[in-house]
Amino acid sequence: MIALRYIDRDPGDPPYLTRIFVTPDFMRMDGGEDDGDFLLLDRQQGLATNVLRDNNAAMVFKPGIVPGKPANWSPRLDILPAAPGTQRFTLAIAGVVCSEGVAAPAAAPDAARAMAELKRLFAAMQYRVWQSSPSDLQHDCDLANQVWESDATLKLGLPLEERDFTGRTRQLESESKQPLRPELFRVPEGLTEINGPS
């Protein structure tokens, strides 16, 4: 399995670890603990399950319908060469940079595909979150990053570093291959299953 470790940081908060394991059938995201909460993407079924151990719950997310793009939707994705084997990208809408970073096309391409699959799965839900937000909090960059262009930068390769318009950052700490551990890709038995918004 592919093992990734990212250091993520939200503006004003301390950095935190995001660990990602990828196989041809699954992707698991967690905070670095085998027995903690985790998000499991079933890549074959197209479903995601958020395991919340303290709540004894498993929230299941199914794909929804993403509304069509408006006629005037015109994002811009600029790509420039960076260090050998990498490229720098900038995704902008109406002159505002929504996300920027560095991607490596040849580094763990299946992991980048799995991350894109998860973003596409959540796109309809993210649109409804945007739609229900107060108008002053409805930013076109949310639609770019989470809905209509959700997988655009991941198609460029594995993100090595990324920064979005809110100031949130992600930095790849390590990428490796590890022996498969099937137990990490199972939803624990006995949890209450809840249908998440889709």
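Residues numbered from 1 in each chain as written. Predicted model: local features only at pLDDT ≥ 70, side-chain atom pairs only at ≥ 80, totals over all residues. Heavy atoms only, no water.

Q: Mind showing me how you'd approach the sheet that holds strand S12 (residues 192-195) here?
A: Hydrogen bonds between backbone groups are what pair the strands of a sheet, and the pairing can be parallel or antiparallel. The sheet built from 12 strands is open, its strands ordered S7-S8-S9-S10-S11-S1-S2-S3-S4-S5-S6-S12 with mixed pairing. Two strands lie at the open edges of the sheet, namely strand S7 (76-81) and S12, each paired on one side alone. Taken pair by pair, the neighbouring strands of this sheet meet at an average axis angle of 20°, ignoring direction. One ladder, built from 4 bridges, connects strand S2 (residues 16-22) with strand S3 (residues 26-30); its direction is antiparallel. What sits directly across from Phe21, in S3, is Arg28. Each of strand S1 (2-9), S2, S3, strand S4 (38-42), strand S5 (47-52), strand S6 (57-61), strand S10 (158-164) and strand S11 (169-177) touches helix H1 (residues 109-132); the most contacted strand, S4, lies at about 100° to it. The strands touched by helix H2 (residues 140-148) are strand S8 (87-93), strand S9 (96-104) and S10; relative to S9, the strand with the most contacts, the crossing angle is about 25°. (Pairing = 2+ DSSP bridges. Helix = DSSP H or I, 4+ residues; strand = E, 2+ residues; numbered from the N terminus. Axes fitted to C-alpha atoms, helices over the stretch in contact; angles between N-to-C directions. Contact = heavy atoms within 4.5 Å.)

Q: Just checking my understanding: could you explain the nonpolar core for this structure?
A: Within soluble globular proteins, side chains that are nonpolar tend to cluster in buried spots. Residues Leu4, Ile20, Met27, Ala48, Met115, Leu118 and Leu158 are the most contacted members of the largest nonpolar core, which totals 23 residues. Only S1, S2, S3, S4 and H1 provide two or more residues apiece to this core. Per-element tally for this core: the top contributor is H1, with 8 residues. Setting aside its immediate chain neighbours within four residues, Ile20 contacts Ile2, Ala3, Leu4, Tyr6, Met27, Arg28, Met29, Met115 and Arg170. Formed by 11 residues, the second largest nonpolar core is a distinct cluster that contains Cys98, Tyr127, Trp130 and Trp148. (Core = buried A, V, L, I, M, F, W, Y, C linked by side-chain atoms within 4.5 Å. Buried < 20%, exposed > 50% of the residue type's maximum accessible area, 1.4 Å probe, protein only.)

Q: I tried to follow the pattern of salt bridges on my own but got confused; where do I start?
A: Between side chains of opposite charge, a pair can form when the charged atoms approach closely. Tallied over the entire structure, the rule returns 17 salt bridges. Asp110 is the salt-bridge partner of Arg43, the closest N and O atoms lying 2.8 Å from each other. Residue Arg43 is found in the loop between S4 and S5, and its partner Asp110 is found in helix H1; the two are separated by 67 residues along the sequence. Exposure class is identical for Arg43 and Asp110. Each is buried. Here Glu149 ties to Lys69 by a salt bridge, and the two come within 3.3 Å at their closest N and O atoms. Note that Glu149 is positioned in the loop between H2 and S10 and Lys69 in the loop between S6 and S7, a separation of 80 residues in sequence. Residue classification places Glu149 among the buried positions, given a relative accessible area of 14%. Exposure remark for Lys69: the relative accessible area of 46% places this residue in the partly exposed category. Linked through salt bridges whose partners overlap, the residues forming this network are Arg19, Arg28, Asp30, Asp34, Arg181 and Glu183. (Salt bridge = Lys/Arg side-chain N within 4 Å of Asp/Glu carboxyl O.)

Scope: geometric values only; no functional claims are made or implied.
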